[in-house]
Amino acid sequence: MENRPLEYDYSVAKLFMFTTIVLGIVGMLIGVILAFQLAFPSINLLLGEGLAEYTNFSRLRPLHTDAVIFGFTLSGVFATWYYIGQRVLKVSMAESGFLMFIGKLHFWLYVVGVAAVVVSLFMGITTSKEYAEFEWPIDIAIVIVWVLWGISVFGLIGIRRERSLYISIWYYIATFLGIAMLYLFNNMEVPTYFASGGIGAWYHSVSMYSGTNDALVQWWYGHNAVAFGFTVPIVAMIYYFLPKESGQAVYSYKLSLLSFWGLMFVYLWAGGHHLLFSTVPDWMQTMGSVFSVILILPSWGSAINMLLTMKGEWQQVASSPLIKFMVLASTFYMFSTLEGPIQAIKSVNALAHFTDWIVGHVHDGVLGWVGFMIMAALFHMAPRVFKRELYSKALMTTQFWIQTLGVVLYFTSMWIAGITQGMMWRAHDEFGNLAYSFIDTVTVLHPYYTIRAVGGLLYLIGFFMFAYNIYKTMSARPVEENELQSATPMAA
Amino acid sequence: MDIADIQAYAYFFFTGFLVLVLYGYIYHLYSSERKGERDYEKYGDIALNDEVTDKPVETISEKEIEKKEA
Ligand code: HEM
Ligand code: HEM
């Protein structure tokens, strides 16, 4: 067996690529349904009165957020880890039967966890904490999945040939540690059945924290779920895939190290911006605002580093749709990390909080940055994993423009809707009587909700094109190893 | 001074301390490169030359390689 040359083993990466696509479709399809429900409430009864319990907005919303965060995004993080990890550490998973076993176990337990989440949320079983809706039995399963991933990460690092850990590895390690800490603390909960000696459902629990403390822990978690789920691992991806695809080493490695520590240092303190004007201590709110504004620096540090990596190579943006995806992703990253700090300024937040502007901010980040980067990663990986060229460059370019239009429609409509909403809520006459009732705002916002739904639909259509392209790549023209050095081979 | 005040002061000074550490790190990066102790930019090549048969930018240690080959 010594005669076969050593190769990277992508079997686990492939499995996670599959769930990235499937759960992406599920999550975004639900997102589009939600968006149409907000514009046309009758869609709440999509499948008739009898099934309304399962199709209404409130039952579906957590399914959307959890499917795109813990399904689509996390699968993408795992898929890229099992790909990048081997390559930059220069060690193959085929060299360790143990790590291979852990990797597969990681995948299958993850699938079981996802199934449990989908079923329980559809049944309406939830802890009612945003992004942490799972009841305690599922939390325990998730902790096990996470520990398995940790074993994979540190196991692979343990048998590496490359002494230095490439910057992406730092970001993956931070993702692992960050989420582990946040998830454990936020999900400290008391199973009521056991604590009360047999009252209520066995799976039910209540948070160990209460009142303001609960809100603080929840948003320390919620904000950093964004940090360590939507930012840190996505930065890990772009630090590998953009240089590799363009054939240009990262512009400044020192800047990447600095931005890393800057991000770690600042992010954890910024969660207070979700609780402005609430009952948490005033100094905490102020610090939350201040840290949010400072957060531009490390965020732009990474993004500018990416754009400068393309220095002198801008013709690649025109010629390669894959580079287009990544350059647009880093641009949207800059965009949402400029928008976020603006929304975190107290006077702006007084207007923006509870409005659609926040939803707009969320989706220019997740669609433009997270979604684009994960799709670009899979586009780059597919030919290497299947040893075939990408099925269609033209399809990819079309997808790029359709989705870009979708994102733009989404966030611009939500800006207008959000600011209109905020202004109308606070408008009053000289005696302090409110000028508008809630339903007035609903009427005014209807067109914007429709535009958002159409934008979301375009993005979903693009995602189907992406899935089809990857699917067809599995049977496209086989390529030689040397074609895979940097720019991805693609058929016209 | 109650616990909330102590927390606020501790937070403030801890932040100041971490800012100093961060600036220290910047200084460390640039000065060790200027003194020629380390070349950070070469690590960027780890992503470009990442075939399992490529030579590592920095090998883990000669001894360990020998052990593997034995
Ligand atoms: C410098 C970076 C950023 C800052 C300072 C920031 C700031 C903020 C602020 C002030 C809010 C609104 C809180 C409220 O009034 O309810 C918010 C919400 C949110 N942001 Fe950001 N943001 C940043 C980057 C991002 C990025 C890059 C993403 C995603 C890719 C993102 C995702 C979200 C999400 C999901 C929420 C909504 C949370 C919720 O209410 O459920 N943020 N952000
Ligand atoms: C096909 C595209 C998508 C559409 C049409 C869509 C639509 C929606 C809608 C209608 C909501 C509820 C907003 C509300 O309650 O007012 C929502 C919330 C949310 N979506 Fe999406 N979504 C899409 C894709 C995504 C993706 C890819 C992600 C993440 C990777 C994501 C993350 C979120 C998050 C975190 C929230 C909660 C925001 C908050 O609480 O402020 N969405 N989405």
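Residues numbered from 1 in each chain as written. Chains lettered and ligands numbered in written order. Predicted model: local features only at pLDDT ≥ 70, side-chain atom pairs only at ≥ 80, totals over all residues. Heavy atoms only, no water.

**A short note on the overall build of chain B**
Then comes step 1: Helix and strand counts for chain B come out as three helices and zero strands.
Then comes step 2: In chain B, the order of α-helices and β-strands from amino to carboxyl end is α-α-α.
Then comes step 3: Buried positions account for 27% of the 70 residues belonging to chain B.
Then comes step 4: Per element, the accessible surface of chain B, about 5100 Å² overall, is 61% carbon and sulfur. (Helix = DSSP H or I, 4+ residues; strand = E, 2+ residues; numbered from the N terminus. Buried < 20%, exposed > 50% of the residue type's maximum accessible area, 1.4 Å probe, protein only. Areas by Shrake-Rupley, 256 points an atom, 1.4 Å probe, with all protein chains shown as cover.)

**Remarks on the pattern of salt bridges**
Then comes step 1: Under the defined criterion, the tally for this structure stands at 15 salt bridges over all chains.
Then comes step 2: With a shortest N-O distance of 3.4 Å, Glu58 of chain B and Arg163 of chain A are connected by a salt bridge. Of this pair, Glu58 of chain B sits in the loop between helix H2 (45–48) and helix H3 (62–69) while Arg163 of chain A sits in the loop between helix H5 (136–158) and helix H6 (167–186), which puts the two residues in different chains.
Then comes step 3: The partner of Glu41 of chain B in a salt bridge is Lys254 of chain A, with the nearest N and O atoms 3.2 Å apart. Here Glu41 of chain B, found in the loop between helix H1 (3–34) and H2, pairs with Lys254 of chain A, found in helix H9 (residues 253–267), and the two come from separate chains.
Then comes step 4: Glu41 of chain B gets classed as partly exposed once you look at its relative accessible area, which sits at 26%. (Salt bridge = Lys/Arg side-chain N within 4 Å of Asp/Glu carboxyl O.)

**A few points about the site of ligand 2**
All names here are of chain A.
Then comes step 1: For ligand 2, the set of nearby residues contains 23 residues, the closest of which are Arg61, His64, Glu130, His363 and Tyr410.
Then comes step 2: Arg61 places a side-chain nitrogen or oxygen 2.8 Å from an oxygen atom of ligand 2.
Then comes step 3: Residue His64 places a side-chain N or O atom 2.8 Å away from a nitrogen atom belonging to ligand 2.
Then comes step 4: When contributions to the shell around ligand 2 are tallied by element, the ones reaching two or more residues are helix H1 (11–39), helix H3 (57–89), helix H15 (356–386) and helix H17 (438–473).
Then comes step 5: Residues belonging to the shell around ligand 2 are distributed by class as follows: 14 nonpolar, six polar and three charged.
Then comes step 6: Two domains each put at least three residues into the shell around ligand 2: domain 1 (8–164) and domain 3 (383–477). (Near = heavy atom within 4 Å. Polar contact = N/O pair within 3.5 Å; in protein donor to acceptor, adjacent residues only side chain to side chain. Nonpolar A, V, L, I, M, F, W, Y, C, P; charged D, E, K, R; others polar. Domains from an automatic or database assignment.)

**Topic: the coordination of the iron atom of ligand 1**
Angles at a metal have ideal values that depend on geometry: 109.5 degrees with four tetrahedral donors, 90 or 180 degrees with six octahedral donors.
Then comes step 1: Its sole protein donor being His361 of chain A (NE2), the iron atom of ligand 1 sits 2.0 Å from that atom.
Then comes step 2: Among the secondary structure elements, His361 of chain A is positioned in helix H15. (Donors = N, O, S within 2.8 Å, 3.2 Å for Na, K, Ca; no water.)

**Examining the domain arrangement of chain A**
Residue and element names in this part refer to chain A.
Then comes step 1: For chain A, the assigned domains read domain 1 (8–164), domain 2 (168–190 + 209–353) and domain 3 (383–477).
Then comes step 2: The distance between the C-alpha centroids of domain 1 and domain 3 comes to 22 Å.
Then comes step 3: Counting the surface lost from both domain 1 and domain 3, the interface buries some 1600 Å², and carbon and sulfur atoms represent 87% of this.
Then comes step 4: On inspection of domain 1 and its partner domain 3, the count reaches zero salt bridges.
Then comes step 5: Inspection of the region where domain 1 meets domain 3 yields one residue pair in polar contact (both at pLDDT 80 or more).
Then comes step 6: Per element, the largest residue contribution to the side of domain 1 that touches domain 3 is 13 residues, and it comes from H1.
Then comes step 7: Its residues assigned to classes, the side of domain 1 that touches domain 3 comprises 14 nonpolar, two polar and one charged. (Buried area = accessible area lost by both parts, 1.4 Å probe.)

**Overview of H9 of chain A**
Then comes step 1: Given a rise of 1.5 Å per residue, 15 residues ought to cover 21 Å, and the 21 Å separating the end C-alpha atoms of H9 of chain A matches this to within 8%.
Then comes step 2: Here H9 of chain A lies mainly inside the structure; 13 of its 15 residues are buried. (Expected span 1.5 Å × (residues − 1).)

**Observations regarding the site of ligand 1**
Residues and elements named next belong to chain A.
Then comes step 1: Close contacts around ligand 1 come from 24 residues, with Glu130, Tyr131, Asn349, His353 and His361 the closest.
Then comes step 2: A distance of 2.9 Å is found between an oxygen atom of ligand 1 and a side-chain nitrogen or oxygen belonging to Asn349.
Then comes step 3: Here a nitrogen atom of ligand 1 sits 2.9 Å away from a polar atom, N or O, in the side chain of His361.
Then comes step 4: Listing elements by their share of the shell around ligand 1, those giving two or more residues are helix H8 (211–246), helix H13 (321–344) and H15.
Then comes step 5: Examining the composition of the shell around ligand 1, we find that seven residues originate from one element, H15, more than from any other.
Then comes step 6: Classifying every residue of the shell around ligand 1 by side-chain character gives twelve nonpolar, eleven polar and one charged.

**Some details on the interface of chain B and chain A**
Then comes step 1: Every contact between the two is made by 36 residues of chain B and, on the other side, 37 residues of chain A.
Then comes step 2: Joining chain B to chain A, the criterion identifies six salt bridges.
Then comes step 3: With a shortest N-O distance of 2.5 Å, Lys254 of chain A and Glu33 of chain B are connected by a salt bridge.
Then comes step 4: Remark: the boundary between chain B and chain A carries 15 residue pairs in polar contact (both at pLDDT 80 or more).
Then comes step 5: The biggest single contributor to the side of chain B that touches chain A is H1 of chain B, with 15 residues.
Then comes step 6: Counted by class, the side of chain B that touches chain A contains 21 nonpolar, five polar and ten charged residues. (Contact = heavy atoms within 4.5 Å.)

**Let's talk about the coordination of the iron atom of ligand 2**
Residues and elements named next belong to chain A.
Then comes step 1: All of the protein donors around the iron atom of ligand 2 are His64 (NE2) and His363 (NE2); their distances to the metal are 2.0 Å.
Then comes step 2: Each of the six donor atoms bound to the iron atom of ligand 2 contributes to angles spanning 87 to 179°, and the resulting shape is octahedral. Here the residue His64 occupies a position in helix H3, and His363 occupies one in helix H15, the gap between them amounting to 299 residues. A single burial state applies to His64 and to His363, both of which are buried. (Tetrahedral: all angles 85-135°; square planar, octahedral: opposite > 155°, others 65-115°.)

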